[in-house]
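# Architecture and fold: a report
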Amino acid sequence: MAEAAKNVTEIKAPAGKISGGHLVAKALKNEGVDVIFTLCGGHIIDIYDGCLDEGIKIIDVRHEQVAAHAADGYARMTGKPGCAVVTAGPGTTDAMTGVANAFRAESPFLLIGGQGSLSQHKMGSLQDLPHVDMMQPITKFAATVPSTARIADMVSMAFRECYNGAPGPSFLEIPRDVLDAEVDLDAARIPEAGRYRASTKLCADPDDVERLADILVNSERPCVLFGTQVWTCRAHEEAREFARTLNIPAYLNGAGRGTFAPGDPHHFHRTRRMAFDKADVIVIVGTPFDFRMAYGKRLSADATVVQIDMDYRTVGKNRDISLGLVGDIGRVLGAVTQATTGRVDNGAKGRQAWLDELRAEEVVRTEKLMPEFTSNATPINPYRVAWEINEFLTEDTIYIGDGGDVVTISAQAVQPHKPGHWMDPGPLGTLGVGVPFAMAAKLAHPDKEVLCYFGDGAFSLTGWDFETCVRFGLPFLGIVGNNSAMNQIRCGQIIKYGESRGDVGNILGDVPYGKFAEMLGGHGEDVRDPDQIRPALERAREAVAGGKPALVNIWVDRDIWAPGTRNQTMYK
Ligand SMILES: Cc1ncc(C[n+]2csc(CCOP(=O)(O)OP(=O)(O)O)c2C)c(N)n1
Ligand SMILES: [Mg+2]
C-alpha cells in the first residue's frame with residue numbers, strides 16, 4: 001500500500017468489488033496524477049477515499065477557483081495533466097474561471113465535479129445544475145459518467161481529449177449514486193497506464209519543412225517569436241538551436257520567456273516592434289495572432305510570415321500567412337534546423353549586422369528606462385520595484401505575475417533565467433492565479449524559489465489560500481505592489497472621463513497585506529522606502545527558507561502606469 005495510506009483502515013468493499021471513487025483514483029494514478037486540488041462536498045468524498053489507497057496527495061483549498069488554477073499550474077510546471085475535484089453546483093461554478101483560464105492558456109487538466117444522483121435526475125436535488133452544458137464551450141471535452149463500471153474508462157477518455165491538438169482542460173461530472181456504487185472489478189474497464197494514448201509528437205508536412213528551410217537560409221533580416229507552446233512542448237533546446245544555427249534574433253512571450261537566459265546573444269526583448277517592422281521573414285511559434293499580437297496587424301506587410309503551431313485551427317487565423325506548419329514545436333523546429341544544415345551556406349554570418357542593429361537599439365531603450373528603474377522617489381515608483389525583483393531573482397526562481405498594471409510594468413524588467421520559470425495567467429488575463437500557481441509551483445518544485453508579484457486587487461481575489469500554503473508547508477515569496485486601487489482600469493477611466501470622474505469603482509482600502517500574512521501564520525513585511533525593498537526581500541527569503549510563506553507589501557505610486565496601459569493597447 002502507498003505511503004499516504006499507511007495509517008488508514010483498509011477499505012470496506014467486499015473482495016472483488018470496487019466503488020466509483022476508488023475507480024477514479026485508479027484511473028488518476030494510471031495517468032501519473034499524484035495530487036488533486038479540491039474543496040470538499042458530500043458528492044465527492046468517495047474520491048478522497050480512493051486517493052488514500054492510491055497514495056494520491058489531497059490538497060484542500062479555500063475556494064474552488066483556487067483548486068482549478070492550481071491544477072492548471074501544476075500541469076504547466078510538471079508536463080503532466082493536473083486534476084481538481086469539486087462538489088456539485090456552486091463547487092463546480094466556482095471552478096469555472098479556472099477551467100476557462102486553462103482553456104485559453106492551452107493547459108491540460110481534468111476537473112471532476114460532483115452531481116446529484118441519477119436516481120434524482122431533474123428532480124431538483126441538492127446543488128443540481130447543468131454542469132456539462134455550462135462547461136462545453138470552455139473545455140475540450142465535457143461529459144457525464146453514466147455508470148460506475150465506466151468511470152475509469154471515461155477518466156482516461158477525458159485525459160486523452162486534453163491532448164487533442166493544443167492541450168486544454170476536460171470536465172467530467174459523476175452523479176453521486178454512480179460514484180458511491182460498488183461494481184465487480186471484472187466488470188470495470190480500467191485502461192492500463194501508458195496504453196490508452198498515442199504520442200502527440202507529430203511533425204509538420206515534410207515539404208513545408210523544406211520550404212521553410214529555404215525561406216530562412218535566404219533571409220536577410222529574419223526574426224522569430226517563441227510563445228507558450230515552446231514550453232508546453234519542452235522545445236527550448238530545439239528553439240535555441242534553431243536561433244543559434246541560423247543566427248536569428250528571438251523574442252519571447254508567455255511561458256516562452258526563459259527559453260534564452262538574459263544576456264544570451266540571440267535573446268532580444270525591447271525591440272520587437274522594430275523587428276516586426278523591418279524584418280523580411282517573421283516566424284511566429286506557438287502563439288496565436290490574438291490581442292497580444294494586435295491580431296497580426298503589426299507585422300510588416302512585406303514580410304514573409306510563417307506560423308508554427310500545435311493547433312491546426314490557430315494557423316492563419318486573423319491574418320494571412322505565407323506558410324503554416326502544424327505539429328509538436330520541438331519536432332518541427334528540430335526538423336527545420338536539420339533541413340538547413342545540408343545547405344552550402346545557411347546565411348548566418350550575413351545576418352550579423354541585423355542582430356547588431358537590433359542590439360544597439362536594445363541598449364538605447366534600456367538606458368532610457370534606467371532613471372525609472374533606479375528611482376529613489378517616494379511613494380515608490382513601481383518601475384523601481386520591478387527592477388529590484390529582477391535583481392533579486394536567482395537562477396532557480398520561478399516568477400509568477402498576478403495583477404494589473406504593476407505586473408505589466410514588471411514584464412519590462414523581469415527576465416527569468418530558465419525555461420519554465422515564468423508563469424502568467426495567459427490570454428484570459430485572469431486576476432487571482434497567483435496564490436494557486438505559487439502553491440502548484442512549490443509542490444512541483446520544492447527545491448526552487450517561487451516568487452509571486454501581485455497587484456493588491458489581484459491578491460485579494462484568492463489571497464485567503466495563503467493559509468493553505470502555510471498549512472501544507474508550501475513556502476513561497478509573495479510581493480504586493482500596493483497602490484490601493486484597481487489601477488490599470490482606473491487609468492482607462494481617467495483617460496476617458498477625466499480626473500474628477502476617474503476614481504469610480506476602482507479604489508481599494510489601504511490594506512497592510514504583510515499583517516494579513518502574519519495573521520495566517522506567515523512572514524510579513526511593509527515597505528515605504530525604496531532602499532528598504534531589498535532588505536525586506538532578503539528577510540522574506542530567509543523566512544521562506546525556514547518554511548514560512550512570506551508577503552512583502554510595498555506601497556507604490558498610484559499615478560505611474562505602463563505605456564501599454566496609457567495607450568490602452570490591450571483593447572485595440
Ligand atoms: C478576475 C478578473 N476581474 C477583473 C479583471 C479586470 N482587471 C484587469 S486589471 C485590473 C486591476 C487589477 O488591480 P491590481 O491587481 O491591484 O493591479 P494594478 O492595476 O492596481 O497594478 C482589473 C480589475 C480581470 N482581468 N480579471
Ligand atoms: Mg492595485
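The sections below set out a description of the structure shown in this document. Fair warning: this is a prediction, and the values are worked out from it, not measured in the lab. In every chain, residue numbers begin from 1 and rise along the written sequence. Key to labels: chains lettered from A, ligands numbered from 1, both in the order written. Only residues with pLDDT of 70 or above have their local features reported here, since the model is predicted, and side-chain atom pairs are shown and tallied only from 80 upward, although totals for entire chains, interfaces and linings are computed over all residues. The side-chain quantities take in all heavy atoms of the structure and omit both hydrogens and water.

## Here's the deal with the environment of Ala255
Looking at where Ala255 falls in the secondary structure, it is placed in the loop between β10 (250–252) and α11 (272–278). Contacts are assigned to residue pairs that have any heavy atoms within 4.5 Å of one another. In this structure, Ala255 is in contact with Thr228, Trp231 and Trp422, ignoring residues within four places of it in sequence. Each helix is a run of DSSP H or I of at least 4 residues and each strand a run of E of at least 2, with the numbering of both proceeding from the N terminus.

## Points about the site of ligand 1
Here a residue is near a molecule or strand as soon as one of its heavy atoms is found within 4 Å of it. Around ligand 1, the surrounding shell holds 16 residues, and the nearest of these are Asp405, Gly429, Asp456, Gly457 and Asn487. Gly429 places a main-chain nitrogen or oxygen 2.8 Å from a nitrogen atom of ligand 1. Polar contact criterion, stated in full: a pair of N or O atoms within 3.5 Å, where within protein one must be able to donate a hydrogen and the other to accept it, and residues adjacent in sequence count only if both atoms are side-chain atoms. In this structure, an oxygen atom belonging to ligand 1 sits 2.9 Å away from a main-chain N or O atom of Gln488. Of all the secondary-structure elements, those providing two or more residues to the shell around ligand 1 are α15 (405–410), α17 (456–462) and α19 (487–497). Any residue that is not Ala, Val, Leu, Ile, Met, Phe, Trp, Tyr, Cys, Pro, Asp, Glu, Lys or Arg is counted as polar, Gly included; the first ten are nonpolar and the last four charged. Partitioning the shell around ligand 1 into residue classes produces six nonpolar, eight polar and two charged.

## With respect to helix α4 (residues 90–105)
With 16 residues, α4 extends 24 Å from end C-alpha to end C-alpha; this agrees with the ideal 22 Å at 1.5 Å per step. The term bend refers to the angle at a residue between two fitted axes, each drawn through seven residues, those ending there and those starting there. Along α4, the helix axis deviates most sharply at Met96, where the bend reaches about 35°. Relative accessible area decides the class of each residue, using a 1.4 Å probe on protein chains only: under 20% of the type maximum gives buried, over 50% gives exposed, and in between gives partly exposed. Of all the positions in α4, only Gly91, Thr92, Ala95, Met96, Gly98, Val99, Ala100, Asn101, Ala102 and Ala105 are classed as buried. Contacts made by the buried residues of α4 are with α3 (64–78), β4 (82–86), β5 (109–115), α5 (131–135), β7 (170–175) and α16 (434–444). A positive backbone phi angle near 60° is found at Glu106, which sits one or two residues after α4. Expected helix span is computed as 1.5 Å times (number of residues minus one).

## Section: the sheet that holds strand β13 (residues 323–326)
At least two bridges found by DSSP between two strands are what make those strands a pair. As summarised here, the arrangement of the five strands in space is β10-β9-β11-β12-β13, forming an open sheet in which the pairing is parallel. Whereas interior strands pair on both sides, the edge strands pair on one side only; in this sheet they are β10 and β13. Each adjacent strand pair in this sheet contributes to an overall mean axis angle of 15°, direction not counted. Here five bridges tie strand β11 (residues 281–285) to strand β12 (residues 304–309), and the two strands are oriented parallel to one another. Within β12, the residue paired with Val281 across the bridge is Thr304. Axis angles are defined between N-to-C directions and span 0 to 180 degrees, where every axis is a line fitted to C-alpha atoms and, for a helix, only to the segment in contact.

## A short note on the sheet that holds strand β18 (residues 523–527)
Strand order in the open sheet made by the six strands is β15-β14-β16-β17-β19-β18, with parallel pairing throughout. The sheet terminates laterally at β15 (422–423) and β18, the two strands that pair on one side only. Pairing of strand β17 (residues 477–482) with strand β19 (residues 550–555) involves six bridges; the strand directions are parallel. Paired with Leu477 across the bridge in β19 is Ala550. Each of β14 (397–402), β16 (449–455), β17 and β19 is contacted by helix α14 (residues 382–392), which is oriented at about 175° to β16, the strand it contacts most. Packing against the sheet, α16 makes contact with β14, β15 and β16, and its axis sits at approximately 175° to β16.

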